[in-house]
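Structure at a glance
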Amino acid sequence: MSAKSTISKEIFAPLDERMLGAVQVKRRTKKKIPFLATGGQGEYLTYICLSVTNKKPTQASITKVKQFEGSTSFVRRSQWMLEQLRQVNGIDPNRDSAEFDLLFENAFDQWVASTASEKCTFFQILHHTCQRYLTDRKPEFINCQSKIMGGNSILHSAADSVTSAVQKASQALNERGERLGRAEEKTEDMKNSAQQFAETAHKLAMKHKC
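Overview of the structure. Fair warning: this is a prediction, and the values are worked out from it, not measured in the lab.

About the cut-offs
- Residues numbered from 1 in each chain as written.
- Predicted model: local features only at pLDDT ≥ 70, side-chain atom pairs only at ≥ 80, totals over all residues.
- Heavy atoms only, no water.
- Disulfide = S-S within 2.5 Å.
- Buried < 20%, exposed > 50% of the residue type's maximum accessible area, 1.4 Å probe, protein only.
- Helix = DSSP H or I, 4+ residues; strand = E, 2+ residues; numbered from the N terminus.
- Contact = heavy atoms within 4.5 Å.
- Polar contact = N/O pair within 3.5 Å; in protein donor to acceptor, adjacent residues only side chain to side chain.
- Salt bridge = Lys/Arg side-chain N within 4 Å of Asp/Glu carboxyl O.
- Pairing = 2+ DSSP bridges.
- Axes fitted to C-alpha atoms, helices over the stretch in contact; angles between N-to-C directions.
- Core = buried A, V, L, I, M, F, W, Y, C linked by side-chain atoms within 4.5 Å.

Evaluation of the coordinates by the stated rule reveals zero disulfides. With no disulfide of its own, Cys120 lies closest to Cys144 among cysteine sulfurs, the gap being 9.4 Å. For Cys120, a relative accessible area of 11% puts it in the buried group.

Structure below.
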């Protein structure tokens, strides 16, 4: 099981939440954290996760999850409601970059994703989630590539794929219907021809009998 699948199962599922996406990150700038603040647990991996509640009304949140060195379990750390997100900074709109910033009402973090592709996927899901669940104060997305904001996103591609599949299935059914229609017409013609032949044969038989 992948790390993200395990996080979804261990951190979010028990709280009746559904994880939509996650990105593994490291800080671009090191924060000075007292030894006691981390419990002396040494190195760790950090994931920024986006989740929603299964219960209505749906609540979306961003959670920082850590896995400490030598441990197989994950720990929930900081969490913000999606409404608290004020700005998403993609750093460079002209090239693939793993760097990004998240600005909340009471926090600001500078991150580097494990890969630019993973950051892009997370941004696409984050942008879509903001558009879907936030009605009033939506965060500002700045310095982001166009593929994150619009038509080339994986979400739109997935939707296009589904639409294409439905259209192909519909076309196949229509073609099948047309073939069945033609077969029924041929069957009816054969039936009529057979009936005419039988009637003609019967008339001939009666004529010769007379």
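Within the element layout of this structure, Arg86 appears in strand β5 (residues 85–89). Between the alpha carbons of Arg86 and Lys138 there is a distance of 7.3 Å; along the sequence they are 52 residues apart. Ignoring sequence-local partners within four residues, the contact set of Arg86 consists of Leu103, Phe104, Glu105, Arg137, Pro139 and Glu140. In this structure the side chain of Arg86 is engaged in a polar contact, spanning 2.4 Å, whose partner is the side chain of Glu105.

Bringing the pattern of salt bridges into the picture now. Taken as a whole and judged by the stated rule, the model has eight salt bridges. Between Arg86 and Glu105 there is a salt bridge; the shortest N-O distance is 2.4 Å. Taken together, the residues span a long stretch of sequence, with Arg86 in strand β5 and Glu105 in the loop between β6 (99–104) and β7 (108–113) at a distance of 19 residues. A salt bridge links Asp92 to Arg95; the nearest nitrogen and oxygen atoms lie 2.9 Å apart. With relative accessibility at 18%, the residue Asp92 sits in the buried group. Taking the relative accessible area as the measure of exposure, Arg95 reaches 46% and is therefore partly exposed. In this structure, a network of salt bridges that share partners links the residues Arg27, Lys64 and Asp109.

What follows is about the sheet that holds β7. Strand pairing within a sheet occurs via backbone hydrogen bonds; the two strands may be parallel or antiparallel. The strand order across the open sheet formed by eight strands is β4-β3-β2-β1-β7-β6-β5-β8, and the pairing between neighbours is mixed. Of all the strands in the sheet, the pair left with one neighbour each is β4 (75–81) and β8 (140–142). The average undirected angle you get between the axes of adjacent strands in this sheet is 30°. Bridge count for strand β3 (residues 60–68) against β4 is five bridges, and the pairing is antiparallel. The residue of β4 that forms the bridge with Ile62 is Trp80. On the sheet, helix α1 (residues 3–12) packs against β1 (17–27), β2 (44–53), β3 and β4 and is oriented at approximately 125° with respect to β1. Where helix α2 (residues 116–133) meets the sheet, it contacts β1, β2, β3, β5, β6, β7 and β8, and its direction lies at approximately 135° from that of β1.

As a further point, take the pairing of β1. Across eight bridges, the pairing between β1 and β2 is antiparallel. Each bridged residue has a counterpart across the sheet, and for Gln24 the counterpart in β2 is Tyr47. One ladder, built from three bridges, connects β1 with β7; its direction is antiparallel. Each residue of the ladder has a partner; that of Lys26, found in β7, is Val112.

Glancing now at the nonpolar core. Counting 27 residues, the largest nonpolar core has Ile48, Ile62, Leu82, Leu85, Phe100, Leu102 and Leu126 as its most contacted members. For this core, the elements supplying multiple residues, two or more each, are β1, β2, β3, β5, β6, β7 and α2. The element best represented in this core is α2, accounting for six residues. Grouped together as the second largest cluster of nonpolar side chains are nine residues, Ile7, Phe12, Ala22 and Phe74 included.

This brings us to the pairing of β5. Across the five residues that make up β5, a large majority, four, are buried. Alignment of β5 against β6, held across four bridges, turns out to be antiparallel. Looking at the pairing, Leu85 lines up with Phe104 of β6. Bridge analysis of β5 against β8 gives three bridges, and the strand direction is parallel. Bridge assignment links Val88 to a residue of β8, and that residue is Phe141.

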